[in-house]
Amino acid sequence: MLAPGWRNPFKAPGAWRKANLHAHTTHSDGRVDLQTRVNEYAAAGWDVLAITDHHAITDLKGLQAPPGFVVLPGAELHPGNPFGGDRYHLVCLNVEQARDARTAAHPQEVIDEVTGRGGLVYFAHPYWCKHKLRDFEPLSGYTGVEVYNHGCRDAGRPDSGAQWDDLLAQSGVCPGIATDDCHGPGGASDTYGGWTWIRTEERSREAAIEALRGGMNYSSSGPEILALEIEDAVLGGNGKPQVATHRITVRTSPVREIFFVSDVSGSCCEPDPEAARGGATIAEGSFVVRPGCRYVRVEILDHAGRKAWSNPIPFAW
Ligand SMILES: [Zn+2]
Ligand SMILES: [Zn+2]
């Protein structure tokens, strides 16, 4: 059965706001200043931008954001890793105070400090960090994971779907985000390639943070998820015992494949594989949930190799 308290972002009131939640400026190793960064993302059609320079919060005072454009204060903090893996990259949002986490701080201390101040904490690019389950499992209280980091594409490691699934299967359900992690100027290879759609009624910092905290978002590097419906269904029959479950149906922009990814059993919807190779597309898929699973998430792939990821839908049986 659906886990109690889950809300379907595709049924929520409001509109989708396009967000880049990971951006650098000349305050750390970015190559454009804060005002230019904001102007470029606003001009490119984004609604929300988080400034996440390394080690310290970038002061937003004096910034002139276009009307309706939301800028979130934040930082990328780097506590050491006592569990054997590489240093963490934690994208921290909605905080105005943070200390350089390189010295002394245990990662759990950093997560607790940021969330204790009302902030959100995401594991950035875990595939690029070569993080394994041992690096996540001892930690708690974080908000989610970057499932896609466009900047890491230049290193061949943009997609952390496998690391997300490890985490989801073992440590509970948490939302994903897709980001640019931009350092170069607008138009560079690490800009405009990964974004998070946030469902909000208002264009405000508070609305964006509340929606992200509640998982009312999905991630994309191109294609769109247009609708996601869940209805009751029954498995079994024909002599086998019948079990109540759910059917998940999605509608998407034209794509090559629609995957339903679960900790138990998933599936792939595609046109006839030969037709898919020839360029045929689909725009709808459905999946009957296997009783006992903890989550199902939707991942879609278009013919240009770009993807979108729903957040995991949690189940409790
Ligand atoms: Zn990083
Ligand atoms: Zn970064």
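Calculation notes
Going along each chain's sequence as written, the residues are numbered from 1 onward. Written order determines the labels here, with chains lettered from A and ligands numbered from 1. Per-residue local features are limited, in this predicted model, to residues with pLDDT of at least 70; the limit for side-chain atom pairs, both in listing and counting, is 80 or more; totals at the level of whole chains, interfaces and linings are taken over all residues. Numbering of helices and strands starts at the N terminus; helices are DSSP runs of H or I of at least 4 residues and strands are runs of E of at least 2. In this description the radius of gyration comes from C-alpha coordinates, and the expected globular size is given by 2.2 Å times residues to the power 0.38. Put plainly, a residue is buried at 20 or more neighbouring C-beta atoms within 10 Å of its own, exposed at 12 or fewer, and partly exposed in between, counting only other residues' C-beta atoms, which are placed from the backbone. A residue pair is marked as a contact if its C-beta atoms, positioned from the backbone, fall within 7 Å. Just so you know, the domain bounds were taken from an automatic or database domain assignment. For this scheme, ten residues count as nonpolar: Ala, Val, Leu, Ile, Met, Phe, Trp, Tyr, Cys and Pro. Four count as charged, namely Asp, Glu, Lys and Arg, and the remainder, Gly too, count as polar. What the arc describes is the spread of directions from the helix axis to the C-beta atoms. In this analysis, strands are considered paired if DSSP registers two or more bridges between them. Where helices are involved, their axes are fitted lines through C-alpha atoms of the stretch in contact, as for all axes, and angles between N-to-C directions lie from 0 to 180°. The term nonpolar core refers to a group of buried residues, namely Ala, Val, Leu, Ile, Met, Phe, Trp, Tyr and Cys, whose C-beta atoms join them within 7 Å.

**Side note on the overall build of the protein chain**
- Secondary structure summary: the protein chain contains 6 helices and 17 strands in total.
- A compact globule built from 317 residues should have a C-alpha radius of gyration of about 20 Å, and the protein chain, at 20 Å, falls within 12% of that.
- Counting the 317 residues in the protein chain, one finds 45% classified as buried.
- The long-range share in the protein chain, meaning contacts at least 24 apart out of those at least 6 apart in sequence, stands at 64%.

**Description of the domain arrangement of the protein chain**
- Taken domain by domain, the protein chain consists of domain 1 (9-220) and domain 2 (225-314).
- Domain 1 and domain 2 are separated by 27 Å when their C-alpha centres are compared.
- Elements represented by at least two residues in the side of domain 1 that touches domain 2 include exactly helix 4 (161-171) and strand 9 (217-220).
- Across the side of domain 1 that touches domain 2, the residue classes break down as 7 nonpolar, 6 polar and 1 charged.

**Concerning helix 1 (residues 34-43)**
- Buried within helix 1 are the following residues: L34, R37, V38 and Y41. Each buried residue of helix 1 sits inside an arc of 95° when the element is viewed along its axis, so together they form one side.
- Contact partners of the buried residues in helix 1: strand 1 (15-20), strand 2 (48-51) and strand 3 (70-77).
- Of the residues one or two after helix 1, G45 is the one with positive phi, at around 105°.

**A closer look at the environment of D33**
- Locating D33 in the fold gives a position in the loop between strand 1 and helix 1.
- According to the C-beta neighbour criterion, D33 is partly exposed, with 13 such atoms within 10 Å.
- Along the primary structure D33 and P185 are separated by 152 residues, whereas in three dimensions their C-alpha atoms are 9.3 Å apart.
- Setting aside residues no more than four positions away along its own chain, D33 makes contact with T25 and T26.

**Some points on the pairing of strand 6 (residues 144-149)**
- Within strand 6, 6 of the 6 residues are buried, leaving the element largely enclosed by the surrounding structure.
- Alignment of strand 5 (residues 120-123) against strand 6, held across 2 bridges, turns out to be parallel. In the sheet register, F123 faces strand 6, and the bridge partner there is V145.
- Of the pairings in the sheet, the one linking strand 6 to strand 7 (residues 176-179) comprises 4 bridges and is parallel in character. The residue of strand 7 that forms the bridge with N149 is T179.

**Comments concerning the environment of T25**
- Take T25: it is sitting in the loop between strand 1 and helix 1.
- Of the residues examined, T25 has 21 C-beta atoms within 10 Å and is grouped as buried.
- It is 8.6 Å that separates the C-alpha atoms of T25 and T58, two residues lying 33 residues apart in sequence.
- Leave out the neighbours within four places in its chain, and T25 touches G30, V32, D33, L34, R37, I51, D53 and T58.

**Considerations on the sheet that holds strand 11 (residues 240-255)**
- The strand order 10-11-14 describes an open sheet built from 3 strands, whose pairing is antiparallel. Because the sheet does not close on itself, it has two edges, and the strands there are strand 10 (225-237) and strand 14 (282-288). Pairwise comparison of adjacent strand axes, ignoring direction, gives a mean angle of 20° for this sheet.
- Here 6 bridges tie strand 11 to strand 14, and the two strands are oriented antiparallel to one another. Within strand 14, the residue paired with V250 across the bridge is G285.

**Re helix 2 (residues 107-116)**
- Along helix 2, the residues classified as buried are P107, V110, I111 and V114. Buried residues of helix 2, seen end-on, are gathered within an arc of 100° and therefore sit on one face of the element.
- Summarising the contacts, the buried residues of helix 2 are in contact with strand 3, strand 4 (90-93) and strand 5.
- Directly beyond the C-terminal end of helix 2, a positive phi value near 90° is found at G118.

**A few points about the nonpolar core**
- Counting residues in each nonpolar core, the largest one holds 73 residues, and the members touching the most others are L49, L90, C92 and A208.
- Counting the residues that make up this core, at least three belong to each of domain 1 (9-220) and domain 2 (225-314).
- Not counting residues within four places of it along the chain, the set of residues in contact with L90 comprises E76, L77, V110, V121, F123 and A124.

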